[in-house]
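Geometric and topological summary
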Amino acid sequence: MAHARSTRRRILAATTTVLAVTLGAGALSAPAHAATTPVGAAKTTKAPVAKTAADVIGFPKNSKLLDAGLTGFLTREEGTFDKRWTRYSNGASQGYGSTTVLRSSKTADYLVFPMHYQVTLRNLSTMSVLDVPVGSAGNGATYAGSAADAVFTTSSDGTVLRKHTHPTEGNGTVTVTGLPAGASAIAVTPGTPEDALVTFTVGTAAKWGLLDLATGVVDEIQDRTPGSAGGDVAVSRTHLAWTEGDSTDKPAVFLKERATGTVREIPVEDAWSNDLRIGLVGSRLVYGEAGGLSNGDTNPLYALTAYDPATGTKVKLLDHLTSSAAAPDGLYVRGGTVDRGEGLYKIVPGADGTPTVTLVASTGEPTKVVITENRVPAVVDLDQNVGEIHLSWGLSRSTVEADLTLRHVRTGLTRELSIRHPNTPDATFRWDGTIGPDHASAYNGEYTWELKVRTLNGIGPATSASGTFTVTRKTAPHDFDDNGSTDVLSRDSSGRLWRSDTTFFKEFGQLTAQPRQSLGAGWDAFDRIEATGDLDGSAFGDLVARDKTGVLWLYPARAEADSPTASRSAGAGRSTTRSPAAAT
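Counting restarts for each chain: residues are numbered from 1 in the order of the written sequence. With pLDDT at 70 or above as the cut-off, local features in this predicted model cover only qualifying residues; side-chain atom pairs require 80 or more to be listed or tallied, and sums for whole chains, interfaces and linings still use all residues. Calculation of side-chain values draws on the structure's entire complement of heavy atoms; hydrogens and water are dropped beforehand.

1. A closer look at the packing of aromatic side chains
Counted only if it meets this: Centre distance within 6.5 Å is the pairing criterion for rings of Phe, Tyr and Trp, where only the six-membered ring of Trp is used; planes under 30 degrees apart are then read as stacked, over 60 as edge-to-face, and the remainder as tilted. Here a strand is any run of E in DSSP of at least two residues, a helix any run of H or I of at least four, and the numbering for each starts at the N terminus. Relative accessibility decides the category of a residue: with a 1.4 Å probe and only protein chains considered, values under 20% of the type maximum give buried, values over 50% give exposed, and everything between is partly exposed.
One pass over the structure, following the stated rule, counts 14 aromatic pairs. Judged by centre distance (6.0 Å) and plane angle (75°), the rings of Trp393 and Phe429 are edge-to-face. Taken together, the positions of Trp393 in strand β36 (residues 389–395) and Phe429 in strand β39 (residues 426–431) put the pair 36 residues apart, joining distant regions of the chain. Taken as a pair, Trp393 and Phe429 share a single burial class, namely buried. Ring centres of Trp431 and Phe469 lie 6.0 Å apart, and the angle between their planes is 70°; on these two criteria the pair is classed as edge-to-face. Of the two residues, Trp431 sits in strand β39 while Phe469 sits in strand β43 (residues 463–472), which places them 38 residues apart along the sequence. Assigned by exposure class, Trp431 and Phe469 land together as buried.

As C-alpha cells, this is what we get:
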C-alpha cells in the first residue's frame, strides 16, 4: 500500500513537450540518500542562440545532464555516482544519492528516491511525499520505473503493472490495463507529460507501447526492432522516434507518426556512432552524437542538428553535446557552441517551427580551444637540468595537436616541436637545448616562441600565441660562439682557421662535432694560437696568437661565431714563451 505525506511548504514555481528517454530502465535497488548541505542532404543553417554566460546560472563542471524539469535539472559528475539537483531560478543546488531521478508532470517536478524497501516520490512544488513499499515491505512488489507524477511497480510474479500517485494529485494506486497476456520484464520511463513509455517482452519478443497516464491504459504497442536495443527513444504527442545501429558507422533514426502508424527513416550521416542522442522539438527531429568534444577525430554527427521531415532542411543547433534530457517545456542539452561556450541549452520551437536555442546555465568554459596559461619562464638557464627544459602552456582542452617554433633572434635558427592529443589539457614540450637543422647546442640570448594549436575533432577554430624568453649559461671554456659547448679550432695548410662546434648527445653519451666554419685566412702568420677563455670580460672565449716576430695578439671573441673581432697587440718579446696564453 502506498503511503502519502504532505506539507504546506512551497519552494518552487511551476510552468509545459517532449521527453527523450533511454531504453533499459529496470529495478533499482541501491539506497538513495539526500545530502544535507545545499550548494549555492539538405542545406544546413545555424539556429540563433540567446543569452551569454554572464546572464545565467552556473552548470556543474565535468558533469552530465541526466534529467530536466520545469524548475530545475539533475546532473552527475563524471567519475562519481552521486547526483545534484539545481534550480533554474537561482542556481541553488542539493546533492542526492545515485538512484535519484527527476520526473515532471505538466505543472510540477518530482524527485524519485528508489530504495530497498520503499520508493519515495516528492513533489518539489508542494513538498508532498508519496511512499510506495516494495520488496518484502510491499508483498514482493518490484519497482518498475517512474513517469510524470507516478511511480510504477510490478507484482511479485512480474505480470501485473500498478501505477501509484499521491491521492491528492491522482487516483492513488490503480492497475494498468492494456498489456498483452504473458507480458514480463516490464519497465516504465518518461515519454510526454501525458504518456509513459512501457517496454516489455512477450515470450522472446521485445515490445514497447505508450501508457496513457490519465486512464492507465497501454496502447500503440509494437514490436521493437533488434537494432533498437540500447538506442535512444523520443516521444511527442504526435510522433515516436528511435535510433538503431548503435556502435556502427551506419546509424539510423526512425520516425513514426502516432496517428497513422507510418514509419519513415530520417537521413543521418554515415559515421561512427555509439551514443546517438535524439529528441523531438515541435515538428523537428533533433539528433547528435554525444561526446564529440573529448574525442580525437572528426565526425559530422558531433554537431547537434535539427531535421525538418517536411522539407529535408537541416539546421545546426550546437557544435557538440555531451548529454541531453527533455522536459515538458523543451529539450535540454548539455553541450556547447564556439560563440557561447559550454553549458546547458534549452531548445524550443520558434515562430516558424525552426528550433531556437537559449543558454540556461554555463560552466564558464569555452567550447573553442583556448590557450589559457603561458608557463614559459622569462629566463631559461640551460646549465640546469642537464641542458634541457620543459616549455608548457595551459589549454582549455586536450583534443588538440600543437606545434611550437623556437627562433634564436640573432641567428634566425629555429627548432620545431610537436605534440598530439596530450593526456591533460596542457601543451608541454621537451626542449633538449638544441637549435637549427644540425641540432647544435642552442645559443645564448633572446628567443621568440610561437605556439599553434589545432583541434583534432574539428570543433572550433585553431588558435595561436607568441612570446619571448632569454637563454643563459655560465661562460664555458673554449666556447667561441656563446652556445655553451666546447669548440675545436684547426688551421689548414693554407693558413685558414676553422672552428668546429660540438654537441653532446645525452641519449648516446656522445660528443659530436658539427660542420666546421671558416674564421678567415692569414692565420699562418702565427706560430702559436691559444684558446685562453674570456680575457676582456665579454663573456665569450678569446684567442691569443703569437706571430713569428714574437708579438702576442689578442682576438676578443664576439657572439657571431664566424666573425672574431679585430686583433690588438698584447705585447712583443714573447718569442721564447712556450705558451702565449700563460704569458699574458
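From this point, the narrative continues.
2. Remarks on the sheet that holds β39
What counts here: Think of it this way: DSSP has to see at least two bridges between two strands before they count as a pair. Only the contacting stretch of a helix is used when fitting its axis, a line to C-alpha atoms as for every element, and angles between N-to-C directions run 0 to 180 degrees.
The sheet built from 3 strands is open, its strands ordered β34-β36-β39 with antiparallel pairing. The open sheet has two edge strands, β34 (371–374) and β39, and neither has a second partner. Across this sheet, the average inter-strand angle for adjacent strands is 25°, counted without regard to direction. Direction of pairing for β36 relative to β39: antiparallel, over a ladder of 6 bridges.

3. Focus: the pairing of strand β30 (residues 320–327)
Of all 8 residues in β30, 8 are buried, a share of seventy percent or more. Sheet topology note: the β30/strand β31 (residues 330–337) ladder contains 7 bridges and is antiparallel. Of the residues in β31, the one forming a bridge with Leu321 is Gly335. Linkage of β30 to β31, two consecutive antiparallel strands, is achieved through a turn of 2 residues.

4. Remarks on the pairing of strand β21 (residues 217–223)
Regular strands place their side chains on alternate faces of the sheet. The sheet contact formed by strand β20 (residues 205–212) and β21 spans 5 bridges and is antiparallel. Bridging across to β21, Lys207 finds its partner in Asp223. Hairpin connection of β20 to β21: 4 residues between the antiparallel strands, including Gly216 at a positive phi of 75°.

5. Remarks on the side chain of Asp308
Tracing the backbone through its elements, the reader meets Asp308 in the loop between β28 (304–307) and β29 (314–318). Classification of Asp308 by relative accessible area gives buried; the value is 9%.

6. Quick notes on the environment of Val551
Along the chain, Val551 turns up in the loop between β49 (542–547) and β50 (552–555). Relative accessible area serves as the criterion here: at 15%, Val551 is assigned to the buried category. Put simply, Val551 and Phe526 are 25 residues apart on the chain and 9.3 Å apart in space, counted from C-alpha to C-alpha.

7. Some points on the nonpolar core
Convention followed: Nonpolar core, defined: a set of buried Ala, Val, Leu, Ile, Met, Phe, Trp, Tyr and Cys residues in which side-chain atoms within 4.5 Å join the residues together. The contact rule is simple, with two residues in contact once any of their heavy atoms fall within 4.5 Å.
Counting residues in each nonpolar core, the largest one holds 26 residues, and the members touching the most others are Trp393, Leu404, Trp431, Leu451 and Phe469. Broken down by secondary-structure element, the contributors of at least two residues to this core are β36, β37 (400–408), β39, β42 (445–455) and β43. Beyond its immediate chain neighbours, meaning those up to four positions away, Leu451 contacts Ile371, Trp393, Ala402, Asp403, Leu404, Phe429, Thr463, Ser464 and Ala465.

8. A closer look at empty space enclosed by the protein
Here is the rule we go by: Definitions used for this entry: grid spacing 1 Å over protein atoms alone; cavity, a set of points where a 1.4 Å probe fits but cannot get out; pocket, an open set with protein on both sides within 12 Å along at least 5 of 7 lines; lining residue, one with an atom within 4 Å of a point. Grid points are joined across faces, edges and corners, and a volume is the space filled by probe spheres set on the points. In this classification, Asp, Glu, Lys and Arg are treated as charged, Ala, Val, Leu, Ile, Met, Phe, Trp, Tyr, Cys and Pro as nonpolar, and every other residue, Gly included, as polar.
Approximately 40 Å³ is the volume attributed to the second largest cavity. Every residue lining the second largest cavity is listed: Leu197, Trp208, Gly209, Leu210, Glu220, Gln222, Leu240, Lys256 and Arg258. Contributions of two or more residues to the lining of the second largest cavity are made by β20 and β21. Broken down by element, the residue count for the lining of the second largest cavity peaks at 3 residues, all from β20. Grouping the constituent residues of the lining of the second largest cavity by class yields 4 nonpolar, 2 polar and 3 charged.

9. Some details on the layout of surface pockets
A water-sized probe, rolled over the atoms, reveals where empty space remains. Roughly 580 Å³ of internal volume is contained in the second largest pocket. The wall of the second largest pocket is formed by 23 residues, among which Asn62, Glu78, Leu293, Ser294 and Arg334 lie closest to the centre. For the lining of the second largest pocket, the secondary-structure elements that each account for two or more residues are β6 (63–68) and β30. In the lining of the second largest pocket, the residues fall into 4 nonpolar, 12 polar and 7 charged.

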